[in-house]
Amino acid sequence: MSIRKIILGAIAALALVPAVRAQDMPVYFETDGAVMAGFDPVSYFQGTAPVRGMPEYAVIWKGAEWHFASAENRDLFESNPRAYAPQFGGYCAYAMAQGLLKSTDPMLWDMVDGRLYLTHSPEIEKVWRGDRAEFIEMAEENWPVVLYLD
């Protein structure tokens, strides 16, 4: 085998590494066995406080388990999951603006232009609310690349 073929084969193999890794990375942050610690993502759009979902109304989407408070909410989510899923994989939106992955507290949330954003702590939530538009713009530059950084 010529050295050229070996080099081209190695380059081709290296080009596939990010794709293989991407399949193993969790796109949505899960804790307590479900995205958003089992809170119903649809409930954030329906009222003033989020509602905990139940495993009997669970679905798997994007490799993650999502819980819902009712079959109706589950069906709404399944009809358009991107409309209800939290932004930035459910990781802390402020941390994402800094290029970091950080856990979230499902009780610390914000709606901006009909999109759900979660944050990590009450202190971070205050900072986040100080300049949401700027932080969203910064986070969008980092997402989803930050999933693949070592």
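Here, the structure is the one placed above.
Residues numbered from 1 in each chain as written. Predicted model: local features only at pLDDT ≥ 70, side-chain atom pairs only at ≥ 80, totals over all residues. Heavy atoms only, no water.

**Some details on the overall build of the protein chain**
Each helix and strand in the protein chain was counted, giving 6 helices and 6 strands. Counting helices and strands in the order they occur from the N terminus, the protein chain gives α-β-β-β-β-α-α-α-β-β-α-α. Of all 150 residues assigned to the protein chain, the portion counted as buried reaches 38%. For the protein chain, restricting intrachain contacts to residue pairs at least 6 apart in sequence, the fraction spanning at least 24 positions comes to 56%. A total of about 8600 Å² of accessible surface is found on the protein chain, and carbon and sulfur atoms cover 56% of it. (Helix = DSSP H or I, 4+ residues; strand = E, 2+ residues; numbered from the N terminus. Buried < 20%, exposed > 50% of the residue type's maximum accessible area, 1.4 Å probe, protein only. Contact = heavy atoms within 4.5 Å. Areas by Shrake-Rupley, 256 points an atom, 1.4 Å probe, with all protein chains shown as cover.)

**A look at the packing of aromatic side chains**
Each aromatic ring pair is characterised by the separation of its centres together with the angle its planes make. Within the structure shown, the criterion is met by 15 aromatic pairs. Ring plane angle 45 degrees and centroid distance 6.3 Å describe the contact between Y91 and W143, whose orientation is recorded as tilted. Taken as a pair, Y91 in the loop between α3 (81-84) and α4 (93-97) and W143 in the segment after α6 (132-142) lie far apart in primary sequence, 52 residues in all. A relative accessible area of 21% means that W143 is categorised as partly exposed. (Phe/Tyr/Trp six-rings, centres within 6.5 Å; stacked < 30°, edge-to-face > 60°.)

**Let's talk about the pairing of strand β4 (residues 64-68)**
As a general feature of sheets, a regular strand has side chains that alternate between the two faces. The element β4 is largely enclosed, with a buried count of 4 among its 5 residues. The sheet contact formed by strand β3 (residues 54-61) and β4 spans 4 bridges and is antiparallel. In the strand pairing of β4, V59 is matched with W66. (Pairing = 2+ DSSP bridges.)

**Some remarks on the pattern of salt bridges**
Summed over the entire model, instances satisfying the criterion amount to 5 salt bridges. Note that E125 and R129 form a salt bridge whose closest N and O atoms lie 3.3 Å from each other. Note that E125 and R129 are positioned in helix α5 (residues 122-130) at a spacing of 4 residues, about one turn of the helix. Members of the salt-bridge network, linked through shared partners, are D110, E125, R129 and R132. (Salt bridge = Lys/Arg side-chain N within 4 Å of Asp/Glu carboxyl O.)

**Quick look at the packing of α5 against α6**
It is at 5 Å that the axes of α5 and α6 come closest, and there the two elements cross at 100 degrees. Regarding the angle of α5 to α6, the classification is roughly perpendicular. Residues V127, W128, R129 and G130 of α5 form the contact with α6, whose participating residues are R132, F135 and I136. Residue composition of the contact of α5 with α6, by class: 4 nonpolar, 1 polar and 2 charged. (Axes fitted to C-alpha atoms, helices over the stretch in contact; angles between N-to-C directions. Parallel < 35°, antiparallel > 145°, perpendicular 65-115°, else oblique. Nonpolar A, V, L, I, M, F, W, Y, C, P; charged D, E, K, R; others polar.)

**Overview of the side chain of T119**
Turning to its location among the elements, T119 is positioned in the loop between β6 (115-118) and α5. Beyond its immediate stretch of four places on either side in the chain, T119 contacts C92, T104, D105, L108, I124, E125 and W128.

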